[in-house]
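Below are the chains, spelled out letter by letter.
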Amino acid sequence: MSSRNSKLIEQLKKIDNLEIIERTSDVKRLSKDFYNYSPILEKKLDGCIADLVVRPIDQNSVKKVAEICWEFSIPLTLRGSGTGNYGQAVPLFKGIVMQMNCLNKIEEFHPETGFVKVQSGCLMGDLNKELEKYGRELRLLPSTWKTATIGGFIAGGSGGIGSIRWGFLRDPGNLIGLEAVTINEEPKLLRFDAEESEPLNHAYGTNGIITSLLIATDIKRKWYSIIIDCEGLNKTIEILKTCTTAAIDLKLGAILEKEIVDQMPSWFKGKSKSHKILIQSTLGGIKTIELICKKYEVNSFLLGEEDKLTNGISEVVWNHTTLHMRAKDKNWTYLQMLLPLDKEFELINSLREKWGKNILWHLEAVSQQGVPRLAALPVIKWHSSDQINQIIDNCKKLGAIIFNPHVLTVEGGGLGVIDSDQVKAKLKFDPKGLLNPGKLQGWEIKDEFNI
Ligand SMILES: Cc1cc2nc3c(=O)[nH]c(=O)nc-3n(C[C@H](O)[C@H](O)[C@H](O)COP(=O)(O)OP(=O)(O)OC[C@H]3O[C@@H](n4cnc5c(N)ncnc54)[C@H](O)[C@@H]3O)c2cc1C
């Protein structure tokens, strides 16, 4: 260990309420996330390991860590549960990984608005359980909701179960405010309102250490899960779109192509070898779904109340579909995109002609700025980076908006453009560029971080 590191550890050990993790195997494990879904990222990130990991227990210890990182000019990468897919929580330039999972208190519930103030390290599963006591639930959940933190979701996620109604995390109205610690000459805990929070929302922890969040919640409903069997991908898409525009409450609407269904856990596959539409709605909404199925002459199977099922359909949607495919064959990777409105099948058909069953289709119904749309997380049989780039080009030419999961930066995984407000916030709250260096394209890396 270098003398610089020994001095650093000496300083860190003086902080109250801070766990320091130095064991190599633990530091290695806590320097990784689920980037291995991308062979491109796997190649880039496998050797990226922090010098050490710290776990603060309160806001004061967070501030003290920020002070020491400033003093030593040492990179600081934040971590919730490390379930991200883009290598968001992987330290590219060594330094400290700070895991936020011990800051996990639910601080306030506001009955008049349904807003909840929660510390960033709270697990979304725990938060949802607590909200139930107030007759509320989270609007948006990643399919990793049982293990992911709310801070990690806001800083690194985008949407998921609930996006059919509530859109994406960055849509106005989902995040109401946050508190974050800065990393500058005198680190401070600052409070941000909804507008001021925007640059920190989905910034991979590059411009502030989020300690708590104020988020909007929904009325808790009993969600029922139903599976529809359908032949023909075009007709399957038409049925899902008919369901998503009906006057009913919906939590989820997805399509899995039959070759994907074949690879899902045995409880889910069912008997019929067909494409499947997966829907979560209220019991009242299910009646309408059943009517739609009758009109289209397709079979549906009501599984029951999602919360009471041993295996719920939340386990096979969003990126959990990719997880199950990869459990069978690690050569499956994936892409994420918003399909062109009303040209979804044309795009799929065109790609099928070129790439055959190297691409299997998994669609998710979402609301984009209030408009029902279809997103896709197709699983792709990996051949090479060139193949992935060609597929991306093909999709873009056909009108899809790509959220590329094979790149490291906030911008690359998003709309591909630099958000000047995110960069301005970094300049103000992290002027030395210590937070998660290398992940914000709009910020030039300082020489001292060159590996
Ligand atoms: C099988 C599978 C399914 C998934 N499904 C979805 C899905 O449906 N929707 C979706 O959006 N994502 C999904 N993901 C990605 C990921 O699980 C979620 O985004 C999750 O919410 C991340 O939470 P986390 O606590 O694991 O965050 P981490 O992975 O630990 O961190 C994510 C990012 O947030 C930053 N961060 C963490 N805590 C803080 C903090 N306190 N302050 C500032 N920055 C912070 C980290 O530095 C990192 O950049 C999936 C991943 C897998 C493997």
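Residues numbered from 1 in each chain as written. Predicted model: local features only at pLDDT ≥ 70, side-chain atom pairs only at ≥ 80, totals over all residues. Heavy atoms only, no water.

Moving on, we get to the sheet that holds strand E1 (residues 18–21). As summarised here, the arrangement of the four strands in space is E1-E2-E4-E3, forming an open sheet in which the pairing is mixed. Of all the strands in the sheet, just E1 and strand E3 (76–79) have a single pairing partner and so form its edges. On average, adjacent strands in this sheet sit at an angle of 25° to one another, irrespective of strand direction. Relative to strand E2 (residues 52–56), E1 is paired through four bridges, and the arrangement is antiparallel. (Pairing = 2+ DSSP bridges. Helix = DSSP H or I, 4+ residues; strand = E, 2+ residues; numbered from the N terminus. Axes fitted to C-alpha atoms, helices over the stretch in contact; angles between N-to-C directions.)

What follows covers unusual backbone geometry. Even without a glycine there, the phi angle at Tyr204 is positive, about 55°. Its location among the elements puts Tyr204 in the loop between helix H8 (194–197) and strand E10 (209–215). Within the chain, Asp342 stands out as a residue other than glycine whose phi angle is a positive 65°.

An α-helical turn contains 3.6 residues, so any two residues separated by three or four positions project in the same direction. If you check helix H4 (residues 59–72), its first and last C-alpha atoms are 20 Å apart, about what 14 residues at 1.5 Å a residue would give, namely 20 Å. When H4 is considered as a whole, its buried residues turn out to be Ser61, Val62, Val65, Ala66, Ile68, Cys69, Trp70 and Phe72. One or two positions beyond H4, positive phi appears at Ser73, with a value near 50°. (Expected span 1.5 Å × (residues − 1). Buried < 20%, exposed > 50% of the residue type's maximum accessible area, 1.4 Å probe, protein only.)

According to UniProt, the feature "domain: FAD-binding PCMH-type" (unreviewed entry) maps to residues 46–220 in the numbering used here. As annotated, residues 46–220 comprises 22% helix and 27% strand, and the C-alpha atoms at either end are separated by 41 Å. (UniProt positions renumbered as here; feature names shortened; annotations may be inferred.)

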